[in-house]
Amino acid sequence: MEALLLGTGLLLGAYVLIYYNLVKAPPCGGLGSLRGRTAVVTGANSGIGKMTALELARRGARVVLACRSRERGEAAAFDLRQESGNNEVIFMALDLASLTSVRAFATAFLSSEPRLDILIHNAGISSCGRTRETFNLLLRVNHIGPFLLTHLLLPHLKMCAPSRVVVVSSAAHRRGHLDFTRLDQPVVGWQQELRAYADSKLANVLFARELATQLEGTGVTCYAAHPGPVNSELFLRHVPGWLRPLLRPLAWLVLRTPRGGAQTPLYCALQDGIEPFSGRYFANCHVEEVSPAARDDRAAHRLWEASKRLAGLGPGEDDDPNEEPQTEDSAAPSSLSTTHPEELTVSELFPGAQSLPDLSKLTRRIQVKAEPEP
């Protein structure tokens, strides 16, 4: 009996250590009030996205839930309005697997919403399920769709600067390897799906890195955020039905709640003073180093160019996103301000030298991003 009690105590103690060191997420602080700001959260009808949207709504933001299912999206918007006491939570249809849907969402948003301060790319898939497409569905939903959406919404983000883009990634990016010769090949079988998922998460980290380079000096900052191991629909969505009753208790014990998983994305969206870390990868609400493949600026730029092609951006749409938007400035709240002065670009120093290359970006790549230490 004593041995049984001792063993039980040791197991309980080990679980407490695991829970507080690996499972429990640090709470997000950051800005107290978001009144007057607008946020878009993709995939916000459940899980991490819904908890992220709830916190933004509680702080007074106007929150757009960008979801594929109208029924579930509108139900989530109703729930969040009730729970937060904020009536400015709305649903807008977005299917990241369809580039037409992404464009339709962007057109509707830009025509109906006067500002955008926070864009959180939360939606994602871990498997193709029974769907068989002629393209890489995992890359389309997890990276190409968000890439196109960001590009189309940049005018509002720059007009409302300081503003932020948060891309929800995963520690799975460490297993990723981008084969640019087969980037959009269809994915078949669970082994290919595992690889394609890791590749798409690596694409998320590289996208945030290159986006930071492209938008340097605009006041728009971007971050890749790892939510941690989360007990969400994504975890059990593609698990066989007979296995779910066995996994649910285990998931409850060792995985974070969606609310816990939302803390790092919220930190990246709200925390003051992290602007110098634009383009970096965050986990547990602090900067974390990534694998060499995720720090490869040449691969990041190559992915950017390939993503423009896969997103179907035409000659008139693939201009340098660092160009000034043709919209009037609107008064942006003082928080989320950049903490370092803007540097002059070549075009500002030499107004007539429009044909010269952008040496500021080239210099930044040569320096391999002299990254500040957290």
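Values in this document were obtained by computation on a predicted structure and should not be read as measured data.

1. Digging into the pattern of salt bridges
Then, number 1: Evaluated as defined, the whole model comprises 12 salt bridges.
Then, number 2: Arg209 is the salt-bridge partner of Asp297, the closest N and O atoms lying 2.9 Å from each other. In this pair, Asp297 is assigned in helix 11 (residues 297–310) and Arg209 in helix 6 (residues 190–214), connecting sequence segments 88 residues apart. Each member of the pair, Asp297 together with Arg209, is buried.
Then, number 3: Overlapping salt bridges bring together Arg62, Glu88 and Glu113 as one network.

2. Some remarks on the environment of Ala293
Then, number 1: On the secondary structure map, Ala293 appears in the loop between strand 8 (286–287) and helix 11.
Then, number 2: A sequence separation of 118 residues divides Ala293 from Arg175, and the C-alpha atoms of the two residues are 9.5 Å apart.
Then, number 3: Apart from the residues within four sequence positions on either side, Ala293 is in contact with Leu202 and Leu206.

3. A look at the environment of Pro227
Then, number 1: Here Pro227 is to be found in the loop between strand 6 (220–226) and helix 7 (233–236).
Then, number 2: Once the C-alpha coordinates of Pro227 and Leu266 are considered, the two residues, 39 residues apart in sequence, prove to be 9.7 Å apart.

4. Structural notes on the sheet that holds strand 2 (residues 62–67)
Then, number 1: Here eight strands make up an open sheet; going across it, the order is 3-2-1-4-5-6-7-8 and the pairing mixed. Whereas interior strands pair on both sides, the edge strands pair on one side only; in this sheet they are strand 3 (89–93) and strand 8.
Then, number 2: Pairing analysis gives three bridges linking strand 6 to strand 7 (residues 281–283), with the strands arranged parallel. Counted as the bridge partner of Ala225 is Phe282 from strand 7.
Then, number 3: Docked against the sheet, helix 5 (residues 137–159) engages strand 1 (38–42), strand 4 (118–121), strand 5 (163–168) and strand 6, running at close to 170° with respect to strand 4.

5. Some details on the pairing of strand 5
Then, number 1: Counted residue by residue, strand 5 has six buried out of six residues, so it is predominantly covered.
Then, number 2: Note: strand 4 against strand 5, four bridges, orientation parallel. Looking at the pairing, His121 lines up with Val167 of strand 5.
Then, number 3: Across six bridges, the pairing between strand 5 and strand 6 is parallel.

6. A look at the packing of helix 6 against helix 11
Then, number 1: It is at 9 Å that the axes of helix 6 and helix 11 come closest, and there the two elements cross at 90°. Classified by the angle between their axes, helix 6 and helix 11 sit roughly perpendicular to one another. Seen from helix 6, the contacting residues are Ala203, Leu206, Phe207, Arg209, Glu210, Leu211 and Gln214; seen from helix 11, they are Asp297, Ala299, Ala300, His301, Leu303 and Trp304.
Then, number 2: Within the contact of helix 6 with helix 11, the residues separate by chemical class into eight nonpolar, two polar and three charged.

7. Some thoughts on the packing of aromatic side chains
Then, number 1: Enumeration according to the criterion identifies six aromatic pairs in this entry.
Then, number 2: With centroids separated by 5.1 Å and ring planes inclined at 80°, the aromatic side chains of Phe147 and Trp304 adopt a geometry described as edge-to-face. Remark: Trp304 occurs in helix 11 and Phe147 occurs in helix 5; sequence separation between them is 157 residues. Both residues of the pair, Phe147 and Trp304, count as buried.
Then, number 3: By way of ring pairs, the aromatic residues Phe147, Phe207 and Trp304 are connected into one cluster.
Then, number 4: When the ring centre of Phe135 is taken as origin, the NZ or CZ atom of Arg140, which lies over that ring, is 3.8 Å away.

Calculation rules
Residues numbered from 1 in each chain as written. Predicted model: local features only at pLDDT ≥ 70, side-chain atom pairs only at ≥ 80, totals over all residues. Heavy atoms only, no water. Salt bridge = Lys/Arg side-chain N within 4 Å of Asp/Glu carboxyl O. Helix = DSSP H or I, 4+ residues; strand = E, 2+ residues; numbered from the N terminus. Buried < 20%, exposed > 50% of the residue type's maximum accessible area, 1.4 Å probe, protein only. Contact = heavy atoms within 4.5 Å. Pairing = 2+ DSSP bridges. Axes fitted to C-alpha atoms, helices over the stretch in contact; angles between N-to-C directions. Parallel < 35°, antiparallel > 145°, perpendicular 65-115°, else oblique. Nonpolar A, V, L, I, M, F, W, Y, C, P; charged D, E, K, R; others polar. Phe/Tyr/Trp six-rings, centres within 6.5 Å; stacked < 30°, edge-to-face > 60°. Lys NZ or Arg CZ within 6 Å of the ring centre and 35° of its normal.

Remember that the coordinates give geometry; whether it matters functionally is a separate question.
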